[in-house]
Amino acid sequence: MSDGQTVHVPLDQGRDYDIHIGRGLLDGAGARVAELGGRAAAIVTDETVSALYGERLRASLEAAGLRSGLVVVAPGEASKSYATYAQVCDGLLAHRIERNDLVVALGGGVVGDLAGFAAATLRRGVRFVQAPTTLLSQVDSSVGGKTGINSPLGKNLIGAFHQPRLVLADTSTLDTLSEREMRAGYAEVAKYGLIADSGFFDWCEANWAGIYAGGPERDEAVAICCRAKAGVVVRDEREDGERALLNLGHTFGHALERLTGYESARLVHGEGVAIGLALAFRFSARLGLCPGQDAGRVANHLALAGLPTRLQAVPGGCGDADAILEAMAQDKKVRDGALTFILARGIGRSFIAPGIDRAEVRAFLEDELRPDR
Ligand SMILES: NC(=O)c1ccc[n+]([C@@H]2O[C@H](COP(=O)([O-])OP(=O)(O)OC[C@H]3O[C@@H](n4cnc5c(N)ncnc54)[C@H](O)[C@@H]3O)[C@@H](O)[C@H]2O)c1
């Protein structure tokens, strides 16, 4: 086990918490969870992660004197559904999770969002711990308290803000992650550089392979991203302003996920984000806001790291410009019909751009969809 790093999230009203980052943290998880009090801790996980790490975490919780049990769901985005949410709530109740007990989300962002939402609503709110096991969830989704599920009408439309009491990011769990999921998570890593930290984007260009390989660069990247996210969340927990910047690439990305029916076989979240990041920069360049050179650099880097950067890369296609616009219209970032985008004046210089003209977006998408692109 490495000594690891700790990032503190200093929220008010006693809701502050620590993010522990390091290799091998899972074995000592029980002791850290037990410090939070409560008699039982139920683990919510998916089938894949359960087979890899479920028993190890359960043993650690039991060794620390906590009664524990497992609630296991099918892997993949389709589990962020009403039906699986009901399955998780009933599973937690069957494990006799009471107000003072804990829910531990062990898995990627799907499990974290789903288990967090179940915890937010079970018995009107029980405490929960995030034990993220994908790169995406370690650098992004496990921090900040956004929880929820999808509606057939759009992504993450049913949810609650519910902060975890603790985040345990065991970076050695990423050793078993598929290359595809590693790459998908990397899109969110690069995103932090693109939003507000051009120095970090430079670092990513030089070190991305070390993140994939599990060298010290991996822990470093997770810590840098968690620090950046913690800062944003503390300044703007409810996304009244700055937090929306974290959605860079997501307005396009969420639309693509919706258009591919949340079928992980076709497109996973991070791949949608990668295409979305490239589109956000090309759109910014087209509007004359950002140097075309920067847009090119973003797409080149994402492609080098194995990520898709074009609409044509979506397996099975994603419909025409109107279909994409329609899918974007369900986004939570839509106010009074006008689209809000996160655009950029350059790498590390993103900003919130409300009131973007739909015709402008349609023309851009039509151009992007041209077969010769
Ligand atoms: N709440 C937030 O702030 C926030 C932020 C970003 C993304 N998200 C959400 O996160 C979700 C995507 O998360 P994700 O990319 O982690 O996907 P995921 O949870 O579906 O995990 C990806 C796949 O990897 C498998 N897996 C997980 N850990 C593994 C491991 N250690 N070894 C082997 N396989 C493993 C899972 O079984 C799954 O099949 C989306 O639903 C997205 O909306 C939420």
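Because the structure is a prediction, the values reported are computed rather than measured.

## Let's talk about the nonpolar core
Then comes step 1: Judged by nonpolar contacts, the single largest core of 52 residues is most densely connected at Ile 19, Leu 135, Tyr 186, Val 189 and Phe 281.
Then comes step 2: Mapped onto the domain boundaries, this core takes at least three residues apiece from domain 1 (5-176) and domain 2 (179-368).
Then comes step 3: Beyond its immediate sequence surroundings of up to four residues, Leu 135 is in contact with Leu 174, Leu 177, Met 182, Gly 185, Tyr 186, Val 189, Ile 211 and Val 222.

## Looking at the pattern of salt bridges
Then comes step 1: Counting across every chain of the model gives 27 salt bridges.
Then comes step 2: One connected set of salt bridges, linked through shared partners, spans Glu 77, Lys 80, Asp 113, Lys 155 and Glu 257.

## Some thoughts on the sheet that holds strand E6 (residues 127-132)
Then comes step 1: Spatially, seven strands are ordered E1-E2-E9-E6-E5-E3-E4 in an open sheet, and the strand pairing comes out mixed. Across the chains shown, the open sheet's two edge strands, defined by having one partner strand only, are strand E1 (5-9) and strand E4 (67-73). Between one strand axis and the next, the sheet turns through 20° on average, direction left out of account.
Then comes step 2: Two strands pair when backbone bridges link them, and E6 and strand E9 (residues 166-170) are joined in this way by two bridges, in the parallel orientation. Opposite Gln 130, over in E9, you have Val 167 as the bridge partner.
Then comes step 3: Against the sheet, helix H3 (residues 82-94) contacts strand E3 (40-46), E4 and strand E5 (102-107), and its axis sits at roughly 165° relative to E4.
Then comes step 4: Sitting on the sheet, helix H8 (residues 216-235) touches E1 and strand E2 (17-22), and the angle it makes with E1 is about 10°.

## Looking at the packing of helix H7 (residues 198-213) against helix H11 (residues 292-304)
Relative placement of two packed helices is described by the angle separating their axes and the distance separating the axes.
Then comes step 1: The geometry of H7 relative to H11 is characterised by a closest axis approach of 10 Å and an angle of 30° between their N-to-C directions. With respect to H11, the axis of H7 lies roughly parallel. The interaxial crossing formed by H7 with H11 has left-handed handedness. Counting all contacts with H7, which are made through Phe 201, Asp 202, Cys 204, Glu 205 and Trp 208, the residues of H11 involved are Arg 297, Val 298, His 301 and Leu 304.

## Concerning the domain arrangement of the protein chain
Then comes step 1: For the protein chain, the assigned domains are domain 1 (5-176) and domain 2 (179-368).
Then comes step 2: The C-alpha-based centres of domain 1 and domain 2 are spaced at 25 Å.
Then comes step 3: Each side of the interface is counted separately: domain 1 has 37 residues, and domain 2 has 36 residues.
Then comes step 4: Both sides together, the interface formed by domain 1 and domain 2 hides about 3,100 Å², and carbon and sulfur atoms give 60% of it.
Then comes step 5: Considering only the side of domain 1, the residues that lose the most area to domain 2 are Leu 135, Val 139 and Lys 155, jointly responsible for 20% of the buried surface there.
Then comes step 6: Counting across the domain 1 and domain 2 interface gives six salt bridges.
Then comes step 7: Here Glu 257 and Lys 155 are joined by a salt bridge, their closest N and O atoms 3.4 Å apart.

## Side note on the state of the cysteines
Then comes step 1: Counting across every chain of the model gives zero disulfides.
Then comes step 2: Not part of a disulfide, Cys 204 finds its nearest cysteine sulfur in Cys 225, a span of 6.8 Å.
Then comes step 3: Here Cys 204 falls in the buried class, since its relative accessible area comes to 0%.

## Looking at helix H9 (residues 250-259)
Then comes step 1: In terms of burial, H9 is a largely internal element, eight of the 10 residues being buried.
Then comes step 2: Within the span of H9, buried status applies to His 250, Thr 251, Phe 252, Gly 253, His 254, Ala 255, Leu 256 and Glu 257.
Then comes step 3: On its buried face, H9 sits against strand E8 (154-161), helix H6 (179-196), helix H10 (269-286), helix H12 (321-329), strand E11 (338-344) and helix H13 (358-369).
Then comes step 4: Of the residues flanking the end of H9, it is Gly 261, one or two places downstream, whose phi is positive at about 65°.

## Quick look at the site of the ligand
Then comes step 1: Around the ligand there are 27 residues in total, and Asp 46, Glu 77, Thr 134, Lys 155 and Thr 176 lie nearest to it.
Then comes step 2: A distance of 2.8 Å is found between an oxygen atom of the ligand and a backbone nitrogen or oxygen belonging to Gly 109.
Then comes step 3: With respect to the ligand, the side chain of Lys 229 contributes an N or O atom lying 3.4 Å from an oxygen atom.
Then comes step 4: The protein chains hide 91% of the 870 Å² of surface that the ligand would expose on its own.
Then comes step 5: Where the shell around the ligand is concerned, the elements lending two or more residues are helix H2 (47-63), helix H4 (109-121), helix H5 (135-141), E8 and H6.
Then comes step 6: Here the element with the most residues in the shell around the ligand is H2; it accounts for four residues.
Then comes step 7: Residue composition of the shell around the ligand, by class: seven nonpolar, 10 polar and 10 charged.
Then comes step 8: When residues of the shell around the ligand are assigned to domains, at least three map to each of domain 1 (5-176) and domain 2 (179-368).

## A word on the packing of H3 against H4
Then comes step 1: Orientation of H3 relative to H4, taken along the N-to-C sense of each, is 60°, at an axis distance of 10 Å. Considering the angle they form, H3 stands oblique to H4. Seen from above, H3 lies across H4 with right-handed handedness. Residues Thr 84, Tyr 85, Val 88, Cys 89 and Leu 92 of H3 form the contact with H4, whose own contacting residues are Leu 114, Phe 117, Ala 118 and Thr 121.
Then comes step 2: Looking at the contact of H3 with H4, its residues break down into seven nonpolar, two polar and no charged.

Reading the values: rules and limits
- Residues numbered from 1 in each chain as written.
- Predicted model: local features only at pLDDT ≥ 70, side-chain atom pairs only at ≥ 80, totals over all residues.
- Heavy atoms only, no water.
- Core = buried A, V, L, I, M, F, W, Y, C linked by side-chain atoms within 4.5 Å.
- Buried < 20%, exposed > 50% of the residue type's maximum accessible area, 1.4 Å probe, protein only.
- Domains from an automatic or database assignment.
- Contact = heavy atoms within 4.5 Å.
- Salt bridge = Lys/Arg side-chain N within 4 Å of Asp/Glu carboxyl O.
- Pairing = 2+ DSSP bridges.
- Helix = DSSP H or I, 4+ residues; strand = E, 2+ residues; numbered from the N terminus.
- Axes fitted to C-alpha atoms, helices over the stretch in contact; angles between N-to-C directions.
- Parallel < 35°, antiparallel > 145°, perpendicular 65-115°, else oblique.
- Left-handed = near helix turned anticlockwise from the far one by under 90°.
- Buried area = accessible area lost by both parts, 1.4 Å probe.
- Disulfide = S-S within 2.5 Å.
- Near = heavy atom within 4 Å.
- Polar contact = N/O pair within 3.5 Å; in protein donor to acceptor, adjacent residues only side chain to side chain.
- Areas by Shrake-Rupley, 256 points an atom, 1.4 Å probe, with all protein chains shown as cover.
- Nonpolar A, V, L, I, M, F, W, Y, C, P; charged D, E, K, R; others polar.

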